[in-house]
Amino acid sequence: MNPRRVSTPIQIGNVTIGGDAPIVVQSMTNTDTRDVMSTISQIKELEEVDCEIVRLAVPDMQAAQALTEIKKAISIPMIADIHFDHRLALAALEAGVDGLRLNPGNISEPDKVKAVVKAAGERNVPIRIGVNAGSMPVKGDPGLSTARRMVEAAMEQVKLLESLDFNLIKVSLKAFDVPTTIEAYRDIADKIPYPLHIGITEAGPPRTGIIRSTVGISTLLYMGIGDTIRVSLTAHPREEVIAGYEILKSLDLRQHGPVLVSCPTCGRTEVDLVRIATEVEQQLLKVKKPVKVAVMGCVVNGPGEAKDADVGIACGKGRAVLFKKGKKIKTIEEKDFVKALMAEVERL
Ligand code: SF4
């Protein structure tokens, strides 16, 4: 794995992005921002799974005004996602947001950007220049690759912000196409010192979207690129946060809660292991400790295959061996599989 690219850290509220701060997991609400109660309740759900920053769509002035009340009720930093109308960015800043996302594809007029930059600078609020392949500025050389045009669109706005003495910048260059996204980030990584927000946009529903996002995000992280991630999924945003941590855990970039090891099952499996593993996975969502838990389908290979797990079960017909660090501690009945395993997790 390449060493992490060196970037100048910025603060989104109390969360540091870039430098040697941990790679931050963020998500975006999919409630109507004007519906204050539903939005607050969804952010609370995100807080429960340790989402570190939340972004909210601000499609109109009513949504911008709703941010004040939402901000008061939540405990993680909030970013306003702005398209088309720079006045919404000004109103969001008034409402006390911790960060802004501007799309250079639809807010590029220097005077308007200037007004936003001035207001953000006065409040020390960073701005993400969020380029999206689907909404790029119409100008630019059509002969260039999409990745190249994305980088040029971002660089143009970076220069504009720098010319205004503003450097609380973060950049993203997202496309649905994974190679395009990787190429764009790799290109911009050496050109600017700012933190990079990485992700694959409009990746799809969880089954396919998690794979697409993981391929793109992990490749970049392995190259040392990326300071904050958002897994975009057509699902409850909680799923995005869970997937985000799983990516970081798989690359050993962060520890977060338990790791579940479960076997793929085979002709030797004599219990409904899929149901058992799913139940354990569900219960582990509430556990914050970084423990490794194994759910294995047989006593022949189970303890051995999961010997580096902190605690696990190796299931046989109607009974399972409960083991700790690969060593058998007792035999349990099928009705107690999940309960006994979780009790041991609690005890660790
Ligand atoms: S642990 Fe046992 S049941 Fe599970 S895949 Fe391996 S051999 Fe099959």
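In short, a report on the structure. (Residues numbered from 1 in each chain as written. Predicted model: local features only at pLDDT ≥ 70, side-chain atom pairs only at ≥ 80, totals over all residues. Heavy atoms only, no water.)

### Digging into the overall build of the protein
- On a plain count of helices and strands, the protein comes out with 11 helices and 15 strands.
- Against the globule reference of 20 Å for 348 residues, the protein gives a C-alpha radius of gyration of 23 Å, in line with a compact fold.
- Principal-axis analysis of the C-alpha atoms places the extent of the protein at approximately 70 × 45 × 30 Å.
- Looking at the 348 residues of the protein, the share that counts as buried comes to 53%. (Helix = DSSP H or I, 4+ residues; strand = E, 2+ residues; numbered from the N terminus. Rg over C-alpha atoms; globule rule 2.2 N^0.38 Å. Buried < 20%, exposed > 50% of the residue type's maximum accessible area, 1.4 Å probe, protein only.)

### Considerations on the sheet that holds strand β15 (residues 327–333)
- Across the sheet, which stays open at both edges, the 5 strands sit in the order β11-β12-β13-β14-β15 with mixed pairing between neighbours. Because the sheet does not close on itself, it has two edges, and the strands there are β11 (259–262) and β15. Across the sheet, the axes of successive neighbouring strands diverge by a mean angle of 20 degrees, strand direction being ignored.
- As paired strands, strand β14 (residues 319–324) and β15 are joined by 6 bridges and run antiparallel to one another. Paired with R319 across the strands is E333, a residue of β15. (Pairing = 2+ DSSP bridges. Axes fitted to C-alpha atoms, helices over the stretch in contact; angles between N-to-C directions.)

### Side note on the site of the ligand
- The full set of residues close to the ligand is C263, P264, T265, C266, R268, T269, M296, G297, C298, N301 and E305.
- Grouping the constituent residues of the shell around the ligand by class yields 5 nonpolar, 4 polar and 2 charged. (Near = heavy atom within 4 Å. Nonpolar A, V, L, I, M, F, W, Y, C, P; charged D, E, K, R; others polar.)

### Description of the packing of helix α6 (residues 178–189) against helix α7 (residues 206–222)
- In contact at an axis separation of 10 Å, α6 and α7 are set at 25 degrees when each is read in the N-to-C sense. The pairing of α6 with α7 is recorded here as roughly parallel in orientation. In this structure, α6 crosses over α7, and the sense of that crossing is right-handed. Across the interface between the two elements, V178, I182 and Y185 of α6 pack against R212, V215, G216, T219 and L220 of α7.
- The residue inventory of the contact of α6 with α7, partitioned by class, reads 5 nonpolar, 2 polar and 1 charged. (Parallel < 35°, antiparallel > 145°, perpendicular 65-115°, else oblique. Left-handed = near helix turned anticlockwise from the far one by under 90°. Contact = heavy atoms within 4.5 Å.)

### Re the nonpolar core
- Judged by nonpolar contacts, the single largest core of 80 residues is most densely connected at I82, L100, V171 and L173.
- Looking at this core element by element, the count peaks at 9 residues for helix α5 (residues 146–163).
- Those residues within four positions of V171 in sequence are excluded, and the remaining contacts are I129, A154, V158, Y185, I188, I192, P195, L196 and H197.
- Formed by 28 residues, the second largest nonpolar core is a distinct cluster that contains V291, V293, M296 and L322. (Core = buried A, V, L, I, M, F, W, Y, C linked by side-chain atoms within 4.5 Å.)

### A closer look at a nonpolar patch on the surface
- A surface patch of nonpolar side chains, about 290 Å² in accessible area, is lined by M1, Y222 and L253.
- Along the chain, the position of Y222 falls in helix α7. (Patch = residues over 30% accessible without salt bridge, like charges linked within 9 Å, V, L, I, M, F, W, Y side chains within 5 Å. Areas by Shrake-Rupley, 256 points an atom, 1.4 Å probe, with all protein chains shown as cover. Salt bridge = Lys/Arg side-chain N within 4 Å of Asp/Glu carboxyl O.)

### Notes on the layout of surface pockets
- Of the voids in this model, the largest pocket is the one considered here, and its volume is about 780 Å³.
- Of all the secondary structure elements, the ones that give two or more residues to the lining of the largest pocket are α7, α8 (237–250), β11 and α9 (273–284).
- The element best represented in the lining of the largest pocket is α8, accounting for 8 residues.
- When its residues are assigned to classes, the lining of the largest pocket shows 12 nonpolar, 5 polar and 8 charged.
- Taken as a whole, the second largest pocket spans an internal volume of roughly 340 Å³.
- Contributing to the lining of the second largest pocket are 23 residues, with M28, T201, E202, R230 and S232 lying nearest its centre.
- Counting residues per element, the ones that place at least two in the lining of the second largest pocket are β7 (127–132), β8 (169–174) and α8.
- In terms of residue count, the dominant contributor to the lining of the second largest pocket is β7 (3 residues).
- When grouped by side-chain class, the residues that make up the lining of the second largest pocket number 6 nonpolar, 9 polar and 8 charged. (1 Å grid on protein atoms, 1.4 Å probe; cavity = no way out; pocket = protein on both sides within 12 Å on 5 of 7 lines; lining within 4 Å. Points joined across faces, edges and corners; volume = space filled by probe spheres on them.)

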